[in-house]
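Structure assessment
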Amino acid sequence: MGRPLAAAIVVALGTGLLAASCGGSSDGAAAGDTTGAETMSTSEPTIEELWRAPGEDVAAVPGTSDNAVGSNRISFLIVDKQSKLIERPTARVWVSRGLKQAPYAETTARLEPIGIPGGDSAGADGIYVATVTAPTAGTYWYLAEPVGGRKIQALGNMVVRKRTAAPGVGGRAIASKTPTLASTGGDLSALTTSRRPDRALYTTSVAQALAAHEPFVLAFATPQYCQSRTCGPVVDTVSAVRRRPASTGVRFIHVEIYKDNDPAKGVNQWVSQWRLPTEPFTFVVDRDGIIRTRLEGAFSVDELARAVAKVR
């Protein structure tokens, strides 16, 4: 379900990102938010003119695609023409409604570290994350310029629907009877493709957590069959946050993507129930069963820890 890097670069400028038509809005709790950003004057250069300014012009490699009207957490990689990742602490981001329109907002993307030492390789040490507010449905364009070093501008777009495909922030979690050690007779290999499985991620189903009014983190991901360069470490990241003392009282649940952990058989019933258009996808749910944060794609330990702190 993930998008390979080469394909993402080819299509980033030619097509809209994948988004579907049911669900709720995305979470806006992560890095820089256009809600409080400076509104750009109509006399400003267009997005296309900014992209064509001196410096290397490349396409942003998207890490998210399920966007809706309102606040959206977006993530992306910046790769130069020599296929080298550009990873600087921050990047300026301009957002517009069209290539030939001036930006209506400016914000900051922050490079969030992804992966855990000794864990699954991400193929990237970090991913840029920003929060963009989209007032209406449609196609939006953003230009990201890493701060410092040689100048490089990455152009990307995001398709915004009225509602997201996957359940959105403020919506109710679906009471799925996700598999557990009890339901599989203790067969850990049926529950995860991780090389270092954390048994604590498979003790409780979503339905059980909801019935017990326990806050929980639900991560849909497949460590072995991840197809993009950023999705592999998600389960390791979830496990790392679970082990923190600050996570006491919160359940952590991992669900694989494919039926019988076999990509040839298609996605499993729980992925279908949650209407996931991509993977990995992670939700943080409070004790009342309300989704408070959703993280599409890769994220850092700190991003998830901040979200968990809000539901304890």
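Residues numbered from 1 in each chain as written. Predicted model: local features only at pLDDT ≥ 70, side-chain atom pairs only at ≥ 80, totals over all residues. Heavy atoms only, no water.

One pass over the structure, following the stated rule, counts 15 salt bridges. Here R306 ties to E112 by a salt bridge, and the two come within 3.6 Å at their closest N and O atoms. Within this pair, whereas R306 is found in helix α6 (residues 301-309), its partner E112 is found in strand β5 (residues 105-113), the two being separated by 194 residues in sequence. What makes R306 partly exposed here is its relative accessible area of 41%. Across the pair D286 and R292 runs a salt bridge, and its minimum N-O distance is 2.7 Å. By relative accessible area, which is 9% here, D286 ends up buried. On the basis of relative accessibility, which here comes to 40%, the residue R292 falls in the partly exposed class. Residues joined in a network through salt bridges with shared partners are E56, D80 and R150. (Salt bridge = Lys/Arg side-chain N within 4 Å of Asp/Glu carboxyl O. Helix = DSSP H or I, 4+ residues; strand = E, 2+ residues; numbered from the N terminus. Buried < 20%, exposed > 50% of the residue type's maximum accessible area, 1.4 Å probe, protein only.)

What follows concerns the confidence of the model for the protein chain. Confidence along the protein chain averages 87 in pLDDT terms, with 83% of residues attaining 70 or more. Note on residues 2-41: pLDDT under 50 across the span, and 126 contacts to partners over four residues away in sequence or across chains. (pLDDT = per-residue confidence, 0-100. Contact = heavy atoms within 4.5 Å.)

Residues V217, V238, V241, F252, L304 and V308 are the most contacted members of the largest nonpolar core, which totals 23 residues. Contributing elements (two or more residues each) for this core: β9 (216-220), α4 (234-242) and α6. At five residues, the largest contribution of residues to this core is made by α6. If we ignore the near neighbours within four places in the chain, the residues touching V241 are S247, F252, V301, L304, A305 and V308. (Core = buried A, V, L, I, M, F, W, Y, C linked by side-chain atoms within 4.5 Å.)

Another aspect to go through is the pairing of strand β6 (residues 126-134). Counting buried positions along β6 yields eight of nine residues, so the element is predominantly enclosed. Pairing geometry for strand β3 (residues 70-78) and β6, over seven bridges, is antiparallel. Each bridged residue has a counterpart across the sheet, and for G70 the counterpart in β6 is A134. Judged from the four bridges that link them, β5 and β6 form a sheet pairing that is antiparallel. Paired with E112 across the two strands is I127, which belongs to β6. (Pairing = 2+ DSSP bridges.)

Let's shift gears to unusual backbone geometry. The linkage connecting E279 with the following residue, P280, adopts the cis geometry, with an omega of 0°. Position of P280 relative to the elements: it lies in the loop between α5 (269-273) and β11 (281-285). For D260, which is not glycine, the phi torsion reads 55° and is therefore positive. Residue position: D260 is located in the loop between β10 (251-255) and α5.

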